[in-house]
Amino acid sequence: MKQFTLCGTLIHAPECGEIEIIENGLIEVDEAGIIAGLHSPEAEQHATIKQTAFASNSLIELSAGQYLLPGLIDLHVHAPQWPQAGNALHLPLYTWLQEYTFPLEAKYADLAFAEKVYTSLVDTLIANGTTTTLYFATVHLSATKLLADICLAKGQRALVGKVAMDSPAECPDYYRDASAQQGLADTRALIEYVRTLPGNEQGTVLPVITPRFIPSCTDEMLTGLGKLAAEYDCHVQTHCSESDWEHNYVLNRHGKRDTESLKSFKLLTNKTILAHSCFINADDMTTIKQQRSGIAHCPLSNAYFADAVFPARQALDLGLDVGLGTDVAGGATPSLLQNCHAAVTASRYLEGGVDKTLTQHERGVPESRINFKEAFWMATTGGGQALDLNIGLFKKGYAFDALVIDSTVTGSNLMVWEELDQDVLQKIIYNASRQNIRKVWVQGVLIGGVDRPVG
Ligand code: GUN
Ligand code: FE
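Nothing here was measured: the structure is a model prediction, and the numbers come from that model.

*Asks:* Got a minute to help me understand the site of ligand 1 in this structure?
*Replies:* In the vicinity of ligand 1, the contacting residues are H78, Q81, L93, W96, L97, R212, F213, H239, E242, H276 and D327. The contact in question runs from an oxygen atom of ligand 1 to an N or O atom on the side chain of Q81, over 2.9 Å. H239 has a polar side-chain atom sitting 3.5 Å from a nitrogen atom of ligand 1. Here ligand 1, which alone exposes 280 Å², has 100% of that area covered by the protein.

*Asks:* Looking at this structure, how should I read the coordination of the iron ion (ligand 2)?
*Replies:* Perfect tetrahedral coordination of a metal by four donors corresponds to 109.5 degrees between them, and perfect octahedral coordination by six donors corresponds to 90 or 180 degrees. The iron ion (ligand 2) binds to the protein through H76 (NE2), H78 (NE2), H239 (NE2) and D327 (OD), with metal-donor distances spanning 2.1 to 2.4 Å. If you look at the iron ion (ligand 2), its four donor atoms make angles of 83 to 175° with each other, and the shape they trace is irregular. Summarised as a motif, the one-chain spacing of the donors to the iron ion (ligand 2) is H-x1-H-x160-H-x87-D. Taken as a pair, H78 in strand β6 (residues 72-78) and D327 in the loop between β13 (321-324) and α12 (336-352) lie far apart in primary sequence, 249 residues in all. Judged by relative accessible area, which is 3%, H78 ranks as buried. Taking relative accessible area as the criterion, D327 reaches 4% and is therefore assigned buried.

*Asks:* Please explain the packing of aromatic side chains as it appears in this structure.
*Replies:* Two aromatic rings are characterised by how far apart their centres lie and by the angle between their planes. What the rule picks out here adds up to 10 aromatic pairs. With a centroid separation of 4.4 Å and an interplanar angle of 40°, the aromatic rings of W96 and F305 are classed as tilted. Taken together, the residues W96 in helix α2 (residues 93-106) and F305 in helix α10 (residues 299-305) connect sequence positions 209 residues apart. The exposure classification of W96 matches that of F305, with both residues buried. Between Y108 and Y118, the aromatic rings sit 5.3 Å apart at their centres with planes inclined by 20°, giving stacked as the arrangement. With Y108 in the loop between α2 and α3 (111-127) and Y118 in helix α3, this pair connects stretches of sequence that are 10 residues apart. By relative accessible area, Y108 is classed as buried at 0%. Exposure remark for Y118: the relative accessible area of 0% places this residue in the buried category.

*Asks:* Looking at this structure, how should I read the packing of α12 against helix α14 (residues 372-387)?
*Replies:* To describe two helices that pack against each other, one gives the angle between their axes and the distance between the axes. It is at 9 Å that the axes of α12 and α14 come closest, and there the two elements cross at 135°. In terms of their interaxial angle, α12 and α14 are classed as oblique. Relative to α14, α12 is oriented so that their crossing is right-handed. For the pair formed by α12 and α14, the contact residues are L336, C340, A343 and V344 on the first element and F372, A375, F376, M378 and A379 on the second. Across the contact of α12 with α14, the residue classes tally to nine nonpolar, no polar and no charged.

*Asks:* Just checking my understanding: could you explain the state of the cysteines for this structure?
*Replies:* Chemically, a disulfide is nothing more than a covalent bond linking the sulfur atoms of two cysteines. Applying the stated criterion to the full structure yields zero disulfides. Left unpaired, C217 is separated from the closest cysteine sulfur, that of C171, by 7.1 Å. C217 gets classed as buried once you look at its relative accessible area, which sits at 0%. Free of any disulfide, C340 has its nearest neighbouring cysteine sulfur in C16, separated by 12 Å. Look at C340 and you get buried, because its relative accessible area is 0%.

*Asks:* Can you help me understand α12 in this one?
*Replies:* Since one α-helical turn is 3.6 residues long, residues separated by three or four positions face the same way. The end-to-end C-alpha distance of α12, which contains 17 residues, comes to 24 Å, matching closely the 24 Å that a straight helix rising 1.5 Å per residue would cover. If you check which residues of α12 are buried, you get L336, L337, N339, C340, A342, A343, V344, A346, S347, L350 and E351. Its side-chain oxygen 3.3 Å from the backbone nitrogen of L337, S335 forms the N-cap of α12. Backbone geometry just after α12 places G353 at a positive phi near 85°.

*Asks:* Looking at this structure, how should I read the nonpolar core?
*Replies:* Generally speaking, a soluble globular protein has its nonpolar side chains buried in company with each other. The biggest cluster of nonpolar side chains holds 96 residues, and the ones touching the most others in it are Y118, Y135 and L147. If sequence neighbours within four positions are ignored, Y118 has contacts with A79, P80, Y108, A137, T138, A143, L147 and I150. One finds L93, F136, F213 and F305 within the second-largest nonpolar core, a separate group that totals 16 residues.

*Asks:* Honestly, unusual backbone geometry in this entry has me stumped. Any pointers?
*Replies:* Negative phi is the rule for most residues except glycine; trans is the rule for most peptide bonds. Residues V328 and A329 are joined by a peptide bond in cis, for which omega reads 10°. Within the secondary structure layout, A329 lies in the loop between β13 and α12. A positive phi angle is found at K266, which is not glycine, with a value near 60°. Within the element layout of this structure, K266 appears in the loop between α8 (258-264) and β11 (272-276). The phi dihedral of Q443 falls on the positive side, at around 50°, and the residue is not glycine. Secondary-structure assignment places Q443 in the loop between β15 (437-442) and β16 (445-448).

About the thresholds
Residues numbered from 1 in each chain as written. Chains lettered and ligands numbered in written order. Predicted model: local features only at pLDDT ≥ 70, side-chain atom pairs only at ≥ 80, totals over all residues. Heavy atoms only, no water. Near = heavy atom within 4 Å. Polar contact = N/O pair within 3.5 Å; in protein donor to acceptor, adjacent residues only side chain to side chain. Areas by Shrake-Rupley, 256 points an atom, 1.4 Å probe, with all protein chains shown as cover. Donors = N, O, S within 2.8 Å, 3.2 Å for Na, K, Ca; no water. Tetrahedral: all angles 85-135°; square planar, octahedral: opposite > 155°, others 65-115°. Helix = DSSP H or I, 4+ residues; strand = E, 2+ residues; numbered from the N terminus. Buried < 20%, exposed > 50% of the residue type's maximum accessible area, 1.4 Å probe, protein only. Phe/Tyr/Trp six-rings, centres within 6.5 Å; stacked < 30°, edge-to-face > 60°. Axes fitted to C-alpha atoms, helices over the stretch in contact; angles between N-to-C directions. Parallel < 35°, antiparallel > 145°, perpendicular 65-115°, else oblique. Left-handed = near helix turned anticlockwise from the far one by under 90°. Contact = heavy atoms within 4.5 Å. Nonpolar A, V, L, I, M, F, W, Y, C, P; charged D, E, K, R; others polar. Disulfide = S-S within 2.5 Å. Expected span 1.5 Å × (residues − 1). Core = buried A, V, L, I, M, F, W, Y, C linked by side-chain atoms within 4.5 Å.

What follows is the structure, encoded as structure tokens:
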């Protein structure tokens, strides 16, 4: 059964580096929120489908200056760090974790605080056009369940993980799993909870096995999490080769690079997302590709905590599944569009180099740049591929997760000059913000946008 048909200018990125724009395109969405048909104006049935939808009052027509994009997929968010977005970015990773982040995350033992923050964050991400988020929560089982409840109630597609961190050497006494066994039991309890959550029959909220990163977990914990990943065939997320400190820590402890270490614990699967990965080399990329794992590239966060630029060009050329992450709050903004912009900029600095005292040829890493089309692919199609979910583009059988960008809104930074031949998507990436996001759907359900204020 058809739920509605949408008619308008559709923009998506079926292939990395290529944008398809379909003017006067039609998307048929079925009762389950799945795309049942996609038709360009040349299609024979176009007129009939449009007329039938109009006659049955199920046609949604976009106006001139409005564009339908696939919903944005944020592959890396720390939900409990939302209160410190834009704060405490002056410290290196290790100190930032110990002095600011762990004390903040410890507060989520308090469910009232958790509810306040998580409600605000989910509303904000939806308003920014993020239809799917891969969340790190905290060590607390109850607050993590609450985050899953809030995402389900608000209709955001979400993958939610209880953070596992049990190493007494690296985690403070006041904020860690009581033991590896306790952390594993709580991880199992979260998986069972989310999978049987009433109202979640379509699986729009999914559980994630979440070792914070190798330094914060004992080998007993990593071994147990690997077993759970196999037992439940569920998603896995962690931080990988993020900074010099973290990368060297793993080399010292395991005598291996992060990817090899994670692989040895059976934590590198086709449903694994590795955040950052700035320090991965060609061998790591081969391992990631062989394991069919994905990468969450977080360009804004990397400027503060990685002190290096992720080799996006190289990873995309190798065909890796790379998506984008805001890393709230290692990254200061909840906007994935801003991270598209940042991914392009970071790659340009990497290619051009930054130290003018070196000659032009010594300064940068040749052939490192990516463009806005590739950044947009990462924010949509690439993110969907990384998660192994049918989301991120307009295609029959894919979930209708989408947003409407309106370039005619007054008082916004986005202006499209119809009389000039302009690259609309490029303008959207660089200048659209939440007031341009009129509608946001997940699985065919309208969940946000300025036309439908959330709350
Ligand atoms: N590595 C371990 N924990 C974190 C975190 O919260 N943020 C970032 N950026 N890196 C981490
Ligand atoms: Fe992170």
